[in-house]
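Okay, here's what each chain looks like letter by letter:
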Amino acid sequence: MTPEIGIFGGSGFYTFLDDAEPVTLETEWGPPSAPVTVAEVGGVGVAFLPRHGLGHELPPHRVNYRANVEAMRRLGVHTLVAPFAAGSLRPEIRPGDLVVVDQLVDRTWGRADTFHDRFDDGPRHVSLADPYTPRVRRALLDAGRRTGATVHDGGTVVVINGPRFSTRAESAWHRQAGWHVVNMTQYPEAALAREAGLDFGGIALVTDYDTGVDGDPDVAPVSQEEVFEVFRSNVDRVRALLFAAVADLAVR
Ligand code: ADE
């Protein structure tokens, strides 16, 4: 079956569907991070790809984002949803919460972030003014309400290169700029989805407070262990939300 919906798995989110058929693909950009698994959810084909690989062997700056997005496009998906682990930059966005983001700031560098490396067929400048498709955001928010998760409607994700976390000064700057969550993978996924003509949605699973919350000396800076532990204990909520969203996501 041709999948309509593509889902990228993140840290601690390596499988989505039982009895899914693995599809091994090559793209002109190289192989994706892992075989893509395709299965049916309520009559809708869903393709799943863990962006860091099945054993989390690919750090954020080494993920072949072009191959991953191209693999989804080649399989026929029209809508791509990218759940991701994120640090919170605001006290009211708590670890365990979900954020259906509506903007991003790219602070990555050196990543292959375009399918248009040459303009042989003429210029190709896409608009990324609105990186997240409103229809996809609505479907994710509605599903979040139905599943009872704490879901924040909107927010800006600032994407750092990693794999290290931010310094206190960087984190304070990100907070002062008014951004909401910080992550390492939403860029270039959003840009490549736009270039590929795919509708795109991003959903943050908040795992930590980055370097802490202003004025609260008890909040320790984020550690890798904290991110994986909080993600592991909340990933089923993300799964439930995605399952609940599939039918709406399929209506374009
Ligand atoms: N992913 C999860 N938590 C993060 C943080 N604090 N900074 C960057 N990426 C993250």
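Residues numbered from 1 in each chain as written. Predicted model: local features only at pLDDT ≥ 70, side-chain atom pairs only at ≥ 80, totals over all residues. Heavy atoms only, no water.

## Remarks on the UniProt feature "site: Important for substrate specificity" (unreviewed entry) in the protein
Those places that UniProt annotates as "site: Important for substrate specificity" (unreviewed entry) correspond, in this numbering, to Ser166 and Gln224. Spatially, the listed residues are clustered: although they cover 59 residues, their C-alpha atoms lie within 12.3 Å of one another. Looking at the element boundaries, Ser166 is found in the loop between strand S9 (156-160) and helix H3 (168-176). Since its relative accessible area comes to 11%, Ser166 is described here as buried. Beyond its immediate chain neighbours, meaning those up to four positions away, Ser166 contacts Ile160, Ser171, His174, Val182, Asp210 and Thr211. Here Gln224 shows up in helix H5 (residues 224-249). (UniProt positions renumbered as here; feature names shortened; annotations may be inferred. Helix = DSSP H or I, 4+ residues; strand = E, 2+ residues; numbered from the N terminus. Buried < 20%, exposed > 50% of the residue type's maximum accessible area, 1.4 Å probe, protein only. Contact = heavy atoms within 4.5 Å.)

## Quick notes on the side chain of Ser171
Along the chain, Ser171 turns up in helix H3. A relative accessible area of 0% means that Ser171 is categorised as buried. Apart from the residues within four sequence positions on either side, Ser171 is in contact with Leu89, Ser166, Asp210 and Thr211.

## Observations concerning the site of the ligand
Taken together, 13 residues form the shell around the ligand, and within it Ala85, Gly87, Thr207, Asp208 and Asp210 come nearest. Take Asp208: an N or O atom from its side chain is 2.6 Å from a nitrogen atom of the ligand. Between Asp210 and the ligand, the recorded distance is 2.8 Å, taken from a side-chain N or O atom to a nitrogen atom. Listed by contribution, the elements that provide at least two residues to the shell around the ligand are strand S5 (79-88), strand S10 (181-183) and strand S11 (199-208). If you tally residues by element for the shell around the ligand, the top one is S5, at 3 residues. Residue composition of the shell around the ligand, by class: 8 nonpolar, 3 polar and 2 charged. (Near = heavy atom within 4 Å. Polar contact = N/O pair within 3.5 Å; in protein donor to acceptor, adjacent residues only side chain to side chain. Nonpolar A, V, L, I, M, F, W, Y, C, P; charged D, E, K, R; others polar.)

## Quick notes on the nonpolar core
The biggest cluster of nonpolar side chains holds 37 residues, and the ones touching the most others in it are Val36, Val69, Met72, Leu80, Val157 and Val181. For this core, the secondary structure elements donating two or more residues are strand S3 (36-41), strand S4 (44-50), helix H1 (65-75), S5, S9, helix H4 (186-195) and S11. Beyond its immediate stretch of four places on either side in the chain, Val157 contacts Phe84, Val101, Gln103, Leu104, Val105, Tyr132, Val181, Val182, Asn183 and Gln186. Of all hydrophobic cores here, the second largest spans 34 residues; its members include Ala20, Ala85, Leu98 and Leu249. (Core = buried A, V, L, I, M, F, W, Y, C linked by side-chain atoms within 4.5 Å.)

## Let's talk about the packing of helix H2 (residues 134-147) against H5
Direction vectors running N to C along H2 and H5 enclose 130°, while the axes themselves pass 8 Å from each other. Between H2 and H5, the interaxial angle falls into the category oblique. Classified by chirality, the crossing of H5 by H2 is right-handed. Counting all contacts with H2, which are made through Arg135, Val136, Ala139, Leu140, Ala143, Gly144, Arg146 and Thr147, the residues of H5 involved are Ala240, Leu241, Leu242, Ala244, Ala245, Asp248 and Leu249. Residue composition of the contact of H2 with H5, by class: 10 nonpolar, 2 polar and 3 charged. (Axes fitted to C-alpha atoms, helices over the stretch in contact; angles between N-to-C directions. Parallel < 35°, antiparallel > 145°, perpendicular 65-115°, else oblique. Left-handed = near helix turned anticlockwise from the far one by under 90°.)

## Focus: the packing of aromatic side chains
As enumerated under the stated definition, the model contains 5 aromatic pairs in all. With 5.8 Å between their ring centres and 25° between their planes, Phe16 and Phe48 make a pair best called stacked. One end of the pair, Phe16, is in the loop between strand S1 (5-9) and strand S2 (21-23); the other, Phe48, is in strand S4, and 32 residues separate them in sequence. Take Phe16 and Phe48: they sit in the same class, and that class is buried. Measuring from ring centre to ring centre gives 5.8 Å for Trp29 and Phe115, while their planes differ by 45°; the resulting arrangement is tilted. Here the residue Trp29 occupies a position in the loop between S2 and S3, and Phe115 occupies one in the loop between strand S7 (103-107) and H2, the gap between them amounting to 86 residues. Site record: aromatic cluster; members linked through ring pairs are Phe16, Phe48 and Phe243. (Phe/Tyr/Trp six-rings, centres within 6.5 Å; stacked < 30°, edge-to-face > 60°.)

## Here's the deal with the UniProt feature "binding site: phosphate" (unreviewed entry) in the protein
The positions that UniProt labels "binding site: phosphate" (unreviewed entry) are, in the present scheme, Ser11, Arg51, His52 and Thr185. A maximum C-alpha distance of 10.3 Å among these annotated residues, which run over 175 residues, shows that they cluster at one spot. Looking at the secondary structure, you find Ser11 in the loop between S1 and S2. Structurally, His52 can be placed in the loop between S4 and H1. Residues in contact with His52, not counting those within four places in the same chain, are Gly10, Ser11, Glu57, Leu58, Pro59, Pro60, Val63 and Thr185.

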